[in-house]
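Commentary on secondary and tertiary structure
Chain by chain, the residues:
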Amino acid sequence: MNTPDYTPSRDHLRPIGMTSTGQPIYPWPTTPAPVPLPPIKAYPVGTYVGLGCLGVVALAIVGAVIIAILIGLSIALVVLSIAVVALTICVLVLRSMWRDHLAGR
């Protein structure tokens, strides 16, 4: 009668006894304790995307405000230059009239 051989494939286990048929008895194979995996680190991707969008919107608003201020300053400088030219012409005309008045004409 042929009985199957139940010997484990590992050669480093020593038998702890023998059966009545002469086969070795090996201890129950023990598995090492499972190594705990490190916890999964969750990145708040939604927060990063939301802050990025908020930053883009804030940058657009700040850019629009700066452009509005620069346009306002350029208009103010154009008005100031027109006023300076008009004042210069007025002063030159008044000086000419004053000289004519002093000369008795």
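Here, residues in each chain are numbered from 1, in the same order as that chain's written sequence. Thresholds applied to this predicted model are a pLDDT of at least 70 for local features of residues and 80 or more for the giving and counting of side-chain atom pairs; totals over whole chains, interfaces and linings are not thresholded and use all residues. As a convention, hydrogens and water are excluded, and side-chain values are obtained from all of the structure's heavy atoms.

Broken down by element type, the protein chain carries one helix and two strands. When the elements of the protein chain are put in sequence order from the N terminus, they spell out β-β-α. The proportion of buried residues among the 105 residues of the protein chain is 1%. Under the convention used here, a 1.4 Å probe and the Shrake-Rupley method define accessible areas, while residue burial counts only the protein chains that appear. Counting every atom, the protein chain has about 9900 Å² of accessible surface; 73% of that belongs to carbon and sulfur. Where helices and strands are cited, they refer to DSSP runs of H or I of at least four residues and of E of at least two residues respectively, numbered from the N terminus. Burial status follows relative accessibility: with a 1.4 Å probe on protein chains alone, a residue under 20% of its type maximum counts as buried, one over 50% as exposed, and anything between as partly exposed.

For helix α1 (residues 45-103), which comprises 59 residues, the first-to-last C-alpha distance of 86 Å matches the rise-based estimate of 87 Å (1.5 Å per residue) to within 8%. Just downstream of α1 lies Gly 104, where phi reads positive at about 85°. Here, expected helix span is obtained from the residue count minus one, scaled by 1.5 Å.

With that settled, consider the confidence of the model for the protein chain. The predictor attaches a confidence to each residue, and that confidence, scored 0 to 100, is pLDDT. Chain-level statistics for the protein chain give a pLDDT mean of 87 and a share of 89% at 70 or above. At the low end of the mean pLDDT range in the protein chain sits strand β2 (residues 24-25), at 82; at the high end sits α1, at 96.

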